[in-house]
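Chain and residue survey
Here is what each chain is made of, one letter per residue.
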Amino acid sequence: MNIGVIGGGAWGTALAQVLASGGHDVTLWALEPEVVAGINAGENAIYLPGVPLSGFRATGDLAPLAGAEAILVVTPAQHTRGVLAKLPATRAPLLLCSKGIEAGSHKLLSEVAAEAQPGAAVGVLSGPTFAAEVARGLPTAVTIAMEDADAAERMAEAIALPSFRTYASTDVIGAEIGGAVKNVLAIACGVVEGAGLGQNARAALIARGFAEMTRFGLARGSRAETLAGLSGLGDLVLTCSSTASRNFSLGVGLGQGRAATELMADRRTVAEGAFTAPVLCEAAEAAGIDMPVAQGVRALLEGADVRAVIGELLARPLTREHV
Ligand SMILES: NC(=O)c1ccc[n+]([C@@H]2O[C@H](COP(=O)([O-])OP(=O)(O)OC[C@H]3O[C@@H](n4cnc5c(N)ncnc54)[C@H](O)[C@@H]3O)[C@@H](O)[C@H]2O)c1
Ligand SMILES: O=P(O)(O)OC[C@H](O)CO
């Protein structure tokens, strides 16, 4: 297939390399001219250093990608609308690989993409996928969700490799909500680590965080089994247990009492949970969905004292586990 990849960060670059390894004709669009030049010279030293790249080309021009047979959209969530608006109108299926919810509108990225490119079918590629591992060819599994079951299966078969297993799904909303919410929960788990609260606390937080993801996801139309799959629980477990996660690492800093402004300053790579937490809380509050862990993360990002936030969470009234 002729495949376009929009976004030259770590994940777009890793996906382009996987697709090229599978024999696809891949063109990657990157924002920064130095990233375009680097990839074409064999390394994306800014966002995916140390990984040799070959078999695909990078460009700073979006126009040629509009004619591809499929386009992977891998820009940070808050830039998705702007970049898709600049892409000439396309009928190629758009596979969203970014994880987030649009600030202000509270829209999922599938809704944003449908508005920006009304002629294109929209799907999601998501799962537990550290870019550096994928780029090195280590075994990875992802969900490919498209409303049309046949289209999802065709896409899943087209891009699968022995070390890149794809599972087709028709639950687009479920796949994207899992990926968006887990980033916020990964920050929370990092806080547990940074504050030295122990492994019992982290396991409890993963379980209670998953309860929040499930409540929010079901309210927005997700299927429970999607939230319990690769793109939800699978990705939650990955990013809640490793400092290789940017979101978890941000949380570690917050847990150590450092300020979010200091931790986010001059950062080139994206920790999506920091942008998703406020909009997720706003959307949950508007819909009457209880998400205390996400609210705690938002408070920390706004400068609240870490011990006070932890104390408030632990002092919540006791309740039934399943409500
Ligand atoms: N890195 C991973 O392991 C990984 C895995 C799965 C999903 N994701 C998701 O993929 C998305 C991209 O993350 P990443 O890790 O590839 O990025 P990154 O942190 O490696 O790089 C940041 C990216 O933001 C882009 N950017 C900055 N300003 C921009 C603007 N104004 N317009 C458009 N793009 C702009 C940069 O060009 C660069 O591509 C995120 O939603 C992330 O959650 C990342
Ligand atoms: O480094 P993070 O926290 O952005 O996580 C990267 C991916 O989302 C893992 O699936």
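Residues numbered from 1 in each chain as written. Chains lettered and ligands numbered in written order. Predicted model: local features only at pLDDT ≥ 70, side-chain atom pairs only at ≥ 80, totals over all residues.

To keep it simple, the criterion reads: UniProt positions are given in the numbering used here, feature names are shortened, and annotations may be inferred rather than shown by experiment.
Per an unreviewed UniProt entry, the protein goes by the name Glycerol-3-phosphate dehydrogenase [NAD(P)+] and belongs to Sphingomonas immobilis. Here is the UniProt Sequence similarities (unreviewed entry) comment for the protein, exactly as written: "Belongs to the NAD-dependent glycerol-3-phosphate dehydrogenase family." You can read under Subcellular location (unreviewed entry) in the UniProt record for the protein the words "Cytoplasm".

A look at the overall build of the protein
Test applied: Strands here mean DSSP runs of E at least two residues long; helices mean DSSP runs of H or I at least four residues long; both are numbered from the N terminus. C-alpha atoms define the radius of gyration, and 2.2 Å times the number of residues to the power 0.38 defines the globule rule. Residue burial here comes from a neighbour count, namely the number of other C-beta atoms, placed from the backbone, that lie within 10 Å of the residue's own C-beta, with 20 or more meaning buried, 12 or fewer meaning exposed, and in between meaning partly exposed. Residues are treated as contacting if the C-beta atoms built from their backbones sit within 7 Å of each other.
Each helix and strand counted, the protein has 15 helices and eight strands in total. Relative to its length of 323 residues, the protein is compact, with a C-alpha radius of gyration of 19 Å against a globular reference of 20 Å. Considered along the principal axes of its C-alpha atoms, the protein spans approximately 55 × 40 × 35 Å. Split into buried and exposed, the 323 residues of the protein put 50% on the buried side. Of the contacts made within the protein by residues no fewer than 6 positions apart, 68% connect residues no fewer than 24 positions apart.

With respect to the site of ligand 1
Defined as follows: All residues are tested the same way: a C-beta atom is placed from the backbone, and lying within 6 Å of a molecule or strand makes the residue near it. For each domain, the first and last residues come from an automatic or database assignment.
If you check the shell around ligand 1, you find 25 residues, and the closest are Gly9, Trp11, Ser98, Ala131 and Thr269. Here the shell around ligand 1 takes three residues from helix α1 (residues 10–21), the largest share from any one element. Both domains that furnish three or more residues to the shell around ligand 1 are identified here as domain 1 (2–170) and domain 2 (176–314).

Describing the packing of helix α7 (residues 172–194) against helix α13 (residues 272–286)
Rules: Between N-to-C directions, angles cover 0 to 180 degrees, with each direction set by a line fitted to C-alpha atoms, over the stretch in contact for helices. For classification purposes, an angle smaller than 35 degrees is called roughly parallel, one larger than 145 roughly antiparallel, one from 65 to 115 roughly perpendicular, and anything else oblique. Note on residue classes: Ala, Val, Leu, Ile, Met, Phe, Trp, Tyr, Cys and Pro are nonpolar, Asp, Glu, Lys and Arg are charged, and everything else, Gly too, is polar.
The contact between α7 and α13 brings their axes to 8 Å, and the two run at 105 degrees. With respect to α13, the element α7 is oriented roughly perpendicular. Residues Ala180, Val181, Asn183, Val184, Ala186 and Ile187 of α7 form the contact with α13, whose participating residues are Glu272, Gly273, Thr276, Ala277 and Leu280. Looking at the contact of α7 with α13 residue by residue, the classes come out as seven nonpolar, three polar and one charged.

Section: the environment of Gly251
Checked against the element boundaries, Gly251 lands in helix α11 (residues 246–255). The class for Gly251 is buried, based on 32 C-beta atoms found within 10 Å. Linking Gly251 and Val297, residues 46 residues apart in sequence, is a C-alpha distance of 8.5 Å. Ignoring any residue separated from it by four or fewer positions in sequence, one finds Gly251 in contact with Ala186, Ile187, Ala188, Cys189, Gly190, Val191 and Gly194.

A look at the UniProt feature "active site" (unreviewed entry) in the protein
Within this structure's numbering, the places UniProt gives as "active site" (unreviewed entry) are Lys182. Along the polypeptide, Lys182 turns up in helix α7. The contacts of Lys182, once residues within four sequence positions are left out, are Met213, Gly232, Asp235, Leu236 and Thr239.

Some words on the site of ligand 2
Every one of the 13 residues lining ligand 2 counts as a neighbour, but Thr129, Thr239, Ser245, Arg246 and Asn247 are closest to it. Here the shell around ligand 2 takes three residues from helix α10 (residues 230–239), the largest share from any one element. Both domains that furnish three or more residues to the shell around ligand 2 are identified here as domain 1 (2–170) and domain 2 (176–314).

Describing helix α4 (residues 109–116)
Put simply, the test is: Comment: arc refers to directions from the helix axis out to C-beta atoms.
Those residues of α4 that fall on the buried side of the exposure criterion are Leu109, Val112, Ala113 and Ala116. Viewed along the axis of α4, the buried residues span an arc of 95 degrees, placing them on a single side of the element. On the buried face of α4, the contacting elements are β4 (70–73), α3 (80–86), β5 (94–96), β6 (122–126) and α7.

Some words on the packing of α7 against α10
Using the following cut-off: The hand of a helix crossing depends on one turn: near helix anticlockwise from the far one by less than a right angle means left-handed, and clockwise means right-handed.
Packing of α7 against α10 brings their axes to within 8 Å, and their N-to-C directions diverge by 25 degrees. Comparing the axis directions of α7 and α10 gives the class roughly parallel. Handedness of the crossing formed by α7 with α10: right-handed. Residues Ala175, Gly178, Gly179, Lys182, Asn183, Leu185 and Ala186 of α7 pack against Ser231, Gly232, Asp235, Leu236 and Thr239 of α10. Of the residues contributing to the contact of α7 with α10, the split by class is four nonpolar, six polar and two charged.

A few points about the environment of Asn183
Secondary-structure assignment places Asn183 in helix α7. Along the sequence, Asn183 and Leu236 sit 53 residues apart, while their C-alpha atoms lie 7.6 Å from each other. Once residues within four sequence positions are removed from consideration, Asn183 is found in contact with Lys99, Thr239, Asn247, Glu272, Gly273 and Thr276.

A closer look at α1
Worth spelling out the cut-off: In this scheme, a helix's expected span is set at 1.5 Å multiplied by one less than its residue total.
With 12 residues, α1 extends 17 Å from end C-alpha to end C-alpha; this agrees with the ideal 16 Å at 1.5 Å per step. The element α1 is largely enclosed, with a buried count of 10 among its 12 residues. Along α1, the residues classified as buried are Ala10, Trp11, Gly12, Thr13, Ala14, Leu15, Ala16, Gln17, Val18 and Leu19. Gly23 lies just past α1 and shows a positive phi near 90 degrees.

Here we look at the pairing of strand β8 (residues 164–169)
Using the following cut-off: Strand pairing is assigned whenever DSSP detects at least two bridges linking the two strands. For a crossover, the right-handed case is the one in which the path from the first strand over the helix to the second runs clockwise, viewed with the strands pointing away from the viewer.
Relative to β8, strand β7 (residues 140–146) runs parallel, the two being bridged by six bridges. Pairing of Val142 across the sheet is with Thr166, part of β8. In the classification by handedness, the crossover that spans β7, the intervening helix α6 (residues 149–159) and the parallel β8 is right-handed.

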